[in-house]
Amino acid sequence: MEILYKVHNNLYVNLTNKCPYACTFCLRQTMDRIGESDRLWLEREPSVEEVKKEFEKFDMTQYNEVVFCGFGEPTERFDALKEIAAFVKEKYNKPIRINTNGAGSLINGRDIAPELKGLVDTVSVSLNHPEKEEYLKLVRSKFGEESFDAMLSFAKACTKYVPHVVMTTVDTTISHEQEAQCQKICDEIGAAYRIRPWED
């Protein structure tokens with residue numbers, strides 16, 4: 001069961017396979033692995049203690065940051081995420097990033113952004129599309145209509161508590177005009193905009 005895996009110079013934490021979205025472009029629909037992983041489908045969700053022990057197998061001096069991102073939405077296990085992030089900060093003093101769909105506050109039934117303060121250095125939110133209707137068609141969220149506004153609100157809230165907030169789209173999936181609209185949204189929120197390469 002692959003709990004930690006390397007992508008470039010970062011170590012990724014695969015906490016859960018749960019996700020309230022079924023994005024049309026999601027890698028897990030077509031493959032079992034990312035980066036230097038073997039298989040990211042979990043037999044069961046690892047305990048916090050199991051995840052902590054996994055770090056002992058890695059030379060942590062080799063990695064730039066620890067990223068919560070696997071075959072699922074990391075905020076589905078938000079309490080576990082916070083505990084592991086605190087452990088990584090204390091023991092290894094590594095920057096922490098969360099790659100998220102931005103639905104964490106909907107998933108947890110509360111505004112989780114304040115709880116990231118001092119624990120998380122970067123939050124990367126998948127913006128995906130500047131227009132609500134098209135966004136909903138792309139992400140197929142179980143939360144329906146409220147998903148787009150909730151994602152934007154979460155990103156904006158994060159700018160108060162997290163040093164780096166980034167919003168992303170995938171290149172080749174939207175037009176240059178739409179990318180310009182995304183840049184405008186990010187400027188209004190106070191987040192950086194990044195166009196991610198399509199991973200195949």
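Anything mentioned here points back to the structure above.
Every value quoted in this text rests on a predicted model; they were computed, and no experiment measured them. (Residues numbered from 1 in each chain as written. Predicted model: local features only at pLDDT ≥ 70, side-chain atom pairs only at ≥ 80, totals over all residues. Heavy atoms only, no water.)

**Let's talk about the packing of helix α4 (residues 132-139) against helix α5 (residues 146-161)**
The angle between the axes and the distance between the axes are what describe a pair of packed helices.
Point 1. Packing of α4 against α5 brings their axes to within 9 Å, and their N-to-C directions diverge by 100°. As judged from the angle between their axes, α4 and α5 are roughly perpendicular. Residues Lys132, Tyr135 and Leu136 of α4 touch α5, and the partners they reach there are Ser147, Phe148, Asp149 and Met151.
Point 2. Looking at the contact of α4 with α5 residue by residue, the classes come out as four nonpolar, one polar and two charged. (Axes fitted to C-alpha atoms, helices over the stretch in contact; angles between N-to-C directions. Helix = DSSP H or I, 4+ residues; strand = E, 2+ residues; numbered from the N terminus. Parallel < 35°, antiparallel > 145°, perpendicular 65-115°, else oblique. Contact = heavy atoms within 4.5 Å. Nonpolar A, V, L, I, M, F, W, Y, C, P; charged D, E, K, R; others polar.)

**With respect to the side chain of Ser124**
Point 1. Relative to the helices and strands, Ser124 is located in strand β5 (residues 122-126).
Point 2. Residue class for Ser124 comes out buried when judged on its relative accessible area of 11%.
Point 3. Once residues within four sequence positions are removed from consideration, Ser124 is found in contact with Arg97, Ile98, Asn99, Thr100, Val166 and Thr168. (Buried < 20%, exposed > 50% of the residue type's maximum accessible area, 1.4 Å probe, protein only.)

**Let's talk about the environment of Thr172**
Point 1. Residue placement: Thr172 occurs in the loop between β6 (164-170) and α6 (176-189).
Point 2. On the basis of relative accessible area, Thr172 is assigned to the exposed category, the value being 70%.
Point 3. Taking the C-alpha atoms as reference points, Thr172 and Gly109, separated by 63 residues in sequence, lie 34 Å from one another.

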